[in-house]
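So you can see what is in the structure, the chains are spelled out below.
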Amino acid sequence: QVQLVESGGGLVQAGGSLRLSCAASGRTFSSYAMGWFRQAPGKGREFVGGITWSGDNTYYADSVKGRFTISSDNAKNTVYLQMNSLKPEDTAVYYCASGPQLVRYDYWGQGIQVTVSS
């Protein structure tokens, strides 16, 4: 059974930083991509970025490019989302996801709240 557990969310002031972690278990993740999504109140789920488990390919939404960085630690089966220069519009529930391709995901974490105050 695939399990994805996010941690590291919370409240931060605009301009600050947070690092989210996603601990993964239940599949051979070296064969899959990992992604981060977010959903703000009243809005649909938005793709933030993704990484192949080998780390040799990453992709980011334009809204976070240059501010967010995704990385992976294969030994720990953990993926990270480093968020810098946070803005109030980054406030959302953030979800970790796993799937066969950078653009296709089939398992999701439970989500974690990130709130950026102005």
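Everything quoted here is computed from the prediction, not taken from an experiment.

What to know about the state of the cysteines
Tallied over the entire structure, the rule returns 1 disulfide. The disulfide partner of C22 is C96, and the S-S distance across this bridge is 2.0 Å. Here C22 and C96 share a disulfide; its torsion about the S-S bond, -75°, makes the bridge left-handed. Residue C22 is found in strand β3 (residues 18-25), and its partner C96 is found in strand β9 (residues 92-99); the two are separated by 74 residues along the sequence. Each of the two residues, C22 as well as C96, counts as buried.

Comments concerning the nonpolar core
Membership of the largest hydrophobic core comes to 29 residues, with the highest contact counts inside it found for M34, W36, L81, M83 and Y94. If you list the elements that add at least two residues to this core, you get β3, β4 (33-39), β5 (45-52), β7 (68-73), β8 (78-83), β9 and β11 (112-117). The dominant element in this core, judged by the number of residues it contributes, is β3, at 4 residues. If near-sequence neighbours (up to four positions away) are discounted, M83 is found in contact with G16, S17, L18, L20, R67, F68, Y94 and V114. Of all hydrophobic cores here, the second largest spans 7 residues; its members include A33, Y95, A97 and Y105.

Regarding the pairing of strand β1 (residues 3-7)
Side-chain alternation along β1 places L4 and E6 on a buried face and Q3, V5 and S7 on a face that remains uncovered. Bridge count between β1 and β3: 5 bridges; the pairing is antiparallel. Within β3, the residue paired with E6 across the bridge is C22.

Side note on the sheet that holds β1
If you walk across this open sheet you meet the 4 strands as β1-β3-β8-β7, and the pairing is antiparallel. Looking at the sheet topology across the chains shown, the edges are occupied by β1 and β7. Strand after strand, the sheet turns through a mean of 20° between neighbouring axes, direction not considered. Bridge count between β7 and β8: 6 bridges; the pairing is antiparallel. The partner of I70 across the bridge, within β8, is L81.

Brief notes about the environment of C96
Judged by its relative accessible area of 0%, C96 is buried. Contacts of C96, omitting those with residues within four sequence positions, involve L4, E6, C22, M34, G35, W36, Y107, W108 and G109.

Description of the side chain of R67
Among the secondary structure elements, R67 is positioned in the loop between β6 (58-60) and β7. A residue is classified by how much of its surface remains accessible, and R67, at 10% relative accessible area, is buried. Within the structure, R67 has its side chain in polar contact with the backbone oxygen of S63 (distance 2.9 Å). Those residues in contact with R67 that sit more than four places away from it in its chain are Q82, M83, N84, S85, L86, K87 and D90.

About the thresholds
- Residues numbered from 1 in each chain as written.
- Predicted model: local features only at pLDDT ≥ 70, side-chain atom pairs only at ≥ 80, totals over all residues.
- Heavy atoms only, no water.
- Disulfide = S-S within 2.5 Å.
- Helix = DSSP H or I, 4+ residues; strand = E, 2+ residues; numbered from the N terminus.
- Buried < 20%, exposed > 50% of the residue type's maximum accessible area, 1.4 Å probe, protein only.
- Core = buried A, V, L, I, M, F, W, Y, C linked by side-chain atoms within 4.5 Å.
- Contact = heavy atoms within 4.5 Å.
- Pairing = 2+ DSSP bridges.
- Axes fitted to C-alpha atoms, helices over the stretch in contact; angles between N-to-C directions.
- Polar contact = N/O pair within 3.5 Å; in protein donor to acceptor, adjacent residues only side chain to side chain.

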